[in-house]
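Here's the letter readout for the chains.
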Amino acid sequence: MNPANYLYLSAILFTLGALGVLIRRNAIVVFMCIELMLNAANLAFVTFARMRGALDGQIIAFFTMVVAAAEVVVGLAIIIMVFRTRRSASVDDANLLKY
Amino acid sequence: MGNTGHGETLLFWLGSIVSVLGALGLIFSKKIVHAALALCSVMLCLAFFYMAQGAVFLGVVQVVVYTGAVMMLFLFVLMLIGIESQDSLTETIRGQRFLAVPLVVAFGAVLIGVYAHANLPAFVGTDAVNAKGGGNVTALAQLLFSRYYWAFEVSSAVLITSAIGAMVLTHRERTTPRKSQREQSIERFERWGRGERIQVTGLPNPGVYAQHNAVDTPALLPDGSPAEVSVNATLRGRDTVRGFRPLPLPGQVNGQVNGKQSAKQSNEVSQ
Amino acid sequence: MPSSYAPLAATGTFALIAWVIAIPLAGAAILLLGGRRTNRFGHLLGCAASVGSFVLGAVLFFALLGKPGDQRSYDQHVYTWVPVPGFSADAGFHLDQLSIIFVLLITGVGSLIHIYSVGYMAHDEQRRKFFAYLNLFLAAMLVLVLADNYLLLYAGWEGVGLASYLLIGFWQHKPSAAVAAKKAFIVNRVGDVGLSLAVMLMYTTFGSFAFGPVFNGVSGAKTGTLTAIGLLLLLGACGKSAQFPLQSWLGDAMEGPTPVSALIHAATMVTAGVYLIVRSNAIFDAAPNARLVVTIVGAVTLMLGAIIGCAKDDIKKALAGSTMSQIGYMVLAAGLGPIGYVFAIMHLVTHGFFKAGLFLGAGSVMHGMNDDVNMRHYGALRKFMPWTYVTFGLGYLAIIGCPPFSGYWSKDKIIEAAFSQGGTSGWILGCTTLLGALITAFYMTRVMLMTFFGQKRWVADEQGHEPHPHESPWVMVVPMAVLAVGSVAAGALFSYHSAFVNWLEPVTGHSDGRLPFSDALLQVITLAVVALGVAYAWSLYGRQEVPAQAPAGAFATRAARRDLYGDAFNELVFMRTGQYLTRVLVYFDLKGVDGAVNGIAAGLGGSSGRLRRLQTGFVRSYALSMFGGATLLIAALLLVRG
């Protein structure tokens, strides 16, 4: 099998995640799409680690997970807070900061 | 693990199909729970891929942390917001979808073009480094606590900060002391004394004298009519009160004593 | 030609030059800074300063008399005014035969008028300030005539302008006085610009402001430059001396107190233009074209002033027209060159006597007539104010040129000089001066008859006070008498053995012209012309009664009453044009400049308003643009890397 297949898959997953971020309105779905993008990047890191025969890529993937966890915690807290005040989880509803 | 065997090829294609379908499901499912489940499937597939590529530790972490903890957190928040909440897929921002789709396609094309263009080597495999370190976990740990020690420390600070941040963001300051039951009771009586028509005593329990003792079944008043005030307001609001609906008496089509009327009356009583 | 300009250093007695100026300056400073505390003795201090200055002037004059003719020019360097490398201006004074005449005229007539003012302004609450301004005027005028360079002369020139402004508008509670002061100031600005340009041109041409380098450098300068300097000097002279076309302010300047009209607007300040031309004789000698323009301006103003003087019923304005006309004589004479300079100055001095006397007489009449200035409300005053009548009459005889009064000596010489010019221009100028003499005789006789002869035409003033004409107090009568003596004797004194010509000749140079006909014939003609004017005036105003209301009059009379439409001309040509120009500029500013500026601003604002719409507030829009940017960046990197 072509080693690049993993990378192609990673690219496709990343692109789909980006599409989700751009077209979905629900904040939770948007967040999940971001998680998808992070995971796609992780797949690429792991694949590169295998390709180079070094563990650094795996370490980076590990750190990505740490950062993703932190981001999810803060992001979900923000979503809850916004939901409390606005009774909505739509990212389009929070559009006061504009022209 | 240097090169891919037939087993891995099979795994890859199966997994890749499942994960792409999962990603599409994440994007296009209306119900958010479905989206979350689709994301779980993608993550599990990726865990398989990690393991297949020699990253055993990462594969386990993927299952435990991501699929286990993070996705549970998502579902938990989902429940807070409303498990049944749906997301309309119709676009409201003019031109957003029209621009987004070609842009995403272009981005994917560029990314794939990069990989196709790159002069990628064959897999070296991580077996050698894993063996040298005495297993994948040990090798990773050695690397983590030596070369990436500083990043590791910083990531701990990030985690602590995020934990505190979450607490600060969701915290609500109490500005008045909590009222005791006694105070609440006194207040109710005072309002009643001023002539307000309110329920002074405690509300009746649901299910009393009724056919069922479930929470959505209103208690029956001595005249046999249901006391809807005994049912939780949330259930009443969703109109899911299971009920005793007395049949209208002959010649009394719009009977004075029917469920809705009495519910209205009892609502007035509760106000 | 005058001998070359080479003054001696002022030592000994001549070191007093600066004190002549310092005394009235100190007087003005004390009276202005001292405020109300000096009210009690302010008028006395003012008179003392003026008289003290006159005494010093007289001492200097006698000191000059004691020197031989070629040693009567002294320079006193006071201090370096502008000590800048590459540019130097000194404050220094120059005393010679010309300056000393002016010093004596200014301080002498000035002292008399100070004394007169003590009586005239006795009931004015602001008398102290009046004397302060008079002293300030004396100081500035003395700076003007004593300066040894054109920059200091210019400072004095502006100083007398300021004093004139302050004194015309002395009764600034009257709107007419305030407006007249403003008018005088603004019209004078036009002339002052001419003088300042002349001074600058001198500096670029000769490299100095001082009289010495300028006069001695004339021979090396181009005629065109000299003509330009001459014409600019003439413009300055026109402004200060109320010569055509800047004559319009003098009539209105009569809004000031009468002593001011006598001192500033008859005897001294308005003759500064003549001084300027005569002082710059070296330049005008070398610029015949400029001199021709000077004579034309003088001739035109001579006729203009005389015609205006014929029609005015306001006694002061009639005298103001006369002043313009007489200064026209002087300017004309100055324009004639070496044959006229001396007589211009001589007429200036005699005019200083008799015109100041006439104005003081007019002031005395007004004093007795409740400050009424309309001659149609006078009549038969000779019985009620005999002293005024006599002094005024002597001044009248002097101004019409009746021998042997002083006007006869000076005016006759000017007429003679005009005819001596020779050629067509000589005939034209000569006839103009003769015609001027005729009209002068007419309007002065008119003033005389309307004021002192005929029947009483007195009217009550606005408060209903009937006038009770009476002779003025002695402080007013004595100066009038002294001036009358000057009007009678000065001309003969000056002409005795050509004393005046010999005195001034080292400064201005002198050449006798040749008359195209005999001297005696000219004198007969002149006297006949004067007699004709007197007789015609008698037939109009003496034989028949003067109406108390002014008749409508012919077109010429109406035009003369309106100053020959000088104000209307100024309004039409300068004010309206200026207004239209301003409107065009405002329109251009609003539509053009502001339009461009506002257009750019509106364009930027509009495009910003549209660009602003990009900030939708939708986080997904921002994500889209970020994503697009990332795509472009990666694509660009890919392309660059190949």
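Here the structure is a predicted model, which is why all the values come from computation and not from measurement.

Parameters and conventions
Residues numbered from 1 in each chain as written. Chains lettered and ligands numbered in written order. Predicted model: local features only at pLDDT ≥ 70, side-chain atom pairs only at ≥ 80, totals over all residues. Heavy atoms only, no water. Helix = DSSP H or I, 4+ residues; strand = E, 2+ residues; numbered from the N terminus. Buried < 20%, exposed > 50% of the residue type's maximum accessible area, 1.4 Å probe, protein only. Contact = heavy atoms within 4.5 Å. Areas by Shrake-Rupley, 256 points an atom, 1.4 Å probe, with all protein chains shown as cover. Buried area = accessible area lost by both parts, 1.4 Å probe. Salt bridge = Lys/Arg side-chain N within 4 Å of Asp/Glu carboxyl O. Polar contact = N/O pair within 3.5 Å; in protein donor to acceptor, adjacent residues only side chain to side chain. Nonpolar A, V, L, I, M, F, W, Y, C, P; charged D, E, K, R; others polar. 1 Å grid on protein atoms, 1.4 Å probe; cavity = no way out; pocket = protein on both sides within 12 Å on 5 of 7 lines; lining within 4 Å. Points joined across faces, edges and corners; volume = space filled by probe spheres on them. UniProt positions renumbered as here; feature names shortened; annotations may be inferred. Axes fitted to C-alpha atoms, helices over the stretch in contact; angles between N-to-C directions. Parallel < 35°, antiparallel > 145°, perpendicular 65-115°, else oblique. Left-handed = near helix turned anticlockwise from the far one by under 90°. Expected span 1.5 Å × (residues − 1). Pairing = 2+ DSSP bridges. Core = buried A, V, L, I, M, F, W, Y, C linked by side-chain atoms within 4.5 Å.

Regarding the overall build of chain B
What chain B contains, in helices and strands, is ten helices and two strands. For chain B, the N- to C-terminal ordering of α and β elements is α-α-α-α-α-α-α-α-β-β-α-α. Out of the 271 residues belonging to chain B, those deemed buried represent 32%. When contacts within chain B are restricted to residue pairs at least 6 apart in sequence, those whose partners lie at least 24 apart make up 48%. Only carbon and sulfur atoms are counted for the fraction: they give 63% of the accessible area of chain B, which is about 17,200 Å².

A look at the interface of chain B and chain C
Bring the parts together and some accessible area is lost; that lost area is often taken as the interface size. The interface is formed by 13 residues belonging to chain B together with eleven residues belonging to chain C. Per-residue buried area on chain B facing chain C is highest for I93, L103 and F107 of chain B; these three make up 44% of the total on that side. Where chain B packs against chain C, one counts zero salt bridges. At the junction of chain B and chain C, the tally comes to one residue pair in polar contact (both at pLDDT 80 or more). Per-class residue counts for the side of chain B that touches chain C are nine nonpolar, three polar and one charged.

Some remarks on empty space enclosed by the protein
Once rolled over the atoms, a probe with the size of a water molecule shows which space is left empty. All names here are of chain C. For the structure on display, the rule yields two cavities of 30 Å³ or more. The volume enclosed by the largest cavity comes to roughly 90 Å³. Forming the boundary of the largest cavity are Q247, S248, G251, I308, K312, K317, A320, G321, M324, D563 and D567. For the lining of the largest cavity, the secondary-structure elements that each account for two or more residues are helix 9 (248-252) and helix 14 (315-335). The element best represented in the lining of the largest cavity is helix 14, accounting for four residues.

Structural notes on the pattern of salt bridges
This structure, assessed with the given rule, holds 14 salt bridges over all chains. Close ionic contact of R191 of chain B with E196 of chain B constitutes a salt bridge, the shortest N to O distance being 3.0 Å. Residues D313 of chain C and R376 of chain C are paired through a salt bridge, measuring 2.8 Å at the closest nitrogen-oxygen approach. Of the two residues, D313 of chain C sits in the loop between helix 13 (288-311) and helix 14 while R376 of chain C sits in the loop between helix 15 (341-368) and helix 16 (386-400), which places them 63 residues apart along the sequence. R376 of chain C carries the same exposure label as D313 of chain C, and that label is buried. Among the ionic contacts, a cluster of salt bridges with common partners joins R191, R194 and E196 of chain B.

Some remarks on the side chain of S420 of chain C
Position of S420 of chain C among the secondary structure elements: in helix 17 (residues 406-420). Dropping the residues within four chain positions of it, S420 of chain C is found in contact with I339, G513, R514 and L515 of chain C.

Quick notes on the UniProt feature "transmembrane region" (unreviewed entry) in chain A
In this numbering, the UniProt entry assigns the feature "transmembrane region" (unreviewed entry) to residues 6-23, 28-48 and 60-83 of chain A. What you have in residues 28-48 of chain A is 100% helix and 0% strand, and the ends, taken at the C-alpha atoms, are 30 Å apart.

With respect to the UniProt feature "transmembrane region" (unreviewed entry) in chain B
Residues and elements named next belong to chain B. Mapped onto the present numbering, the UniProt feature "transmembrane region" (unreviewed entry) falls on residues 12-29, 36-57, 63-83, 95-116 and 148-169. Overall, residues 36-57 shows 86% helix and 0% strand. The separation of its end C-alpha atoms is 24 Å. As annotated, residues 148-169 comprises 95% helix and 0% strand, and the C-alpha atoms at either end are separated by 31 Å.

What to know about the environment of V274 of chain C
All names here are of chain C. The topology assignment puts V274 in helix 11 (residues 272-279). Judged by its relative accessible area of 0%, V274 is buried. In this structure the C-alpha to C-alpha distance between V274 and G335, which are 61 residues apart in sequence, comes to 9.6 Å. In this view, V274 contacts S241, I327, M330, V331, A344, I345 and L348; residues no more than four positions away in its chain are not counted.

Section: the packing of helix 1 (residues 17-34) of chain C against helix 4 (residues 127-146) of chain C
All names here are of chain C. The geometry of helix 1 relative to helix 4 is characterised by a closest axis approach of 8 Å and an angle of 155° between their N-to-C directions. As summarised for this structure, helix 1 and helix 4 are arranged roughly antiparallel, according to the angle between their axes. Where helix 1 crosses over helix 4, the handedness of that crossing is left-handed. Here helix 1 contributes I17, V20, I21, P24, L25, G27, A28, L31 and L32 to the contact with helix 4, which in turn contributes R128, F131, A132, Y133, N135, L136, L138, A139, L142, V143 and L146. Among the residues forming the contact of helix 1 with helix 4, the class breakdown is 17 nonpolar, two polar and one charged.

Observations concerning helix 14 of chain C
Residues and elements named next belong to chain C. Counted at 1.5 Å a residue, the expected span for helix 14 with its 21 residues is 30 Å, and the 30 Å between its end C-alpha atoms agrees. The opening residue of helix 14, the one whose side-chain oxygen lies 2.9 Å from the backbone nitrogen of K316, is D314. Phi for G337, located one or two positions after helix 14, is positive at around 90°.

Concerning unusual backbone geometry
All names here are of chain C. The omega angle of the peptide bond from F244 to P245 is 5°, so this bond is cis rather than trans. Summarising the element assignment, P245 is placed in the loop between helix 8 (223-241) and helix 9. Backbone torsion omega between P403 and P404 reads 5°, so that peptide bond is classified as cis. Its location among the elements puts P404 in the loop between helix 16 and helix 17. One non-glycine residue, H497, adopts positive backbone phi at about 55°. Positionally, H497 belongs in the loop between helix 19 (474-495) and helix 20 (499-508). What makes H497 exposed here is its relative accessible area of 61%.

Observations regarding the sheet that holds strand 3 (residues 87-95) of chain C
Residue and element names in this part refer to chain C. The strand order across the open sheet formed by three strands is 1-2-3, and the pairing between neighbours is mixed. Two strands in the sheet have a free side with no partner beyond their single neighbour: strand 1 (8-9) and strand 3. Pairing of strand 2 (residues 74-84) with strand 3, which is carried by nine bridges, proceeds in the antiparallel orientation. Bridge pairing links Y79 to A91 in strand 3. Against the sheet, helix 1 engages strand 2 and strand 3, with an angle of about 95° to strand 3.

Description of the nonpolar core
Judged by nonpolar contacts, the single largest core of 191 residues is most densely connected at V145, Y150, L153 and I345 of chain C. A total of 16 residues in this core trace back to one element, the largest contributor, which is helix 15 of chain C. Setting aside its immediate chain neighbours within four residues, Y150 of chain C contacts V199, M202, F209, F211, V214, F215, L276, S280 and I283 of chain C. By size, the runner-up hydrophobic cluster in this structure holds 80 residues, among which are F63 and V66 of chain A together with A36 and V61 of chain B.

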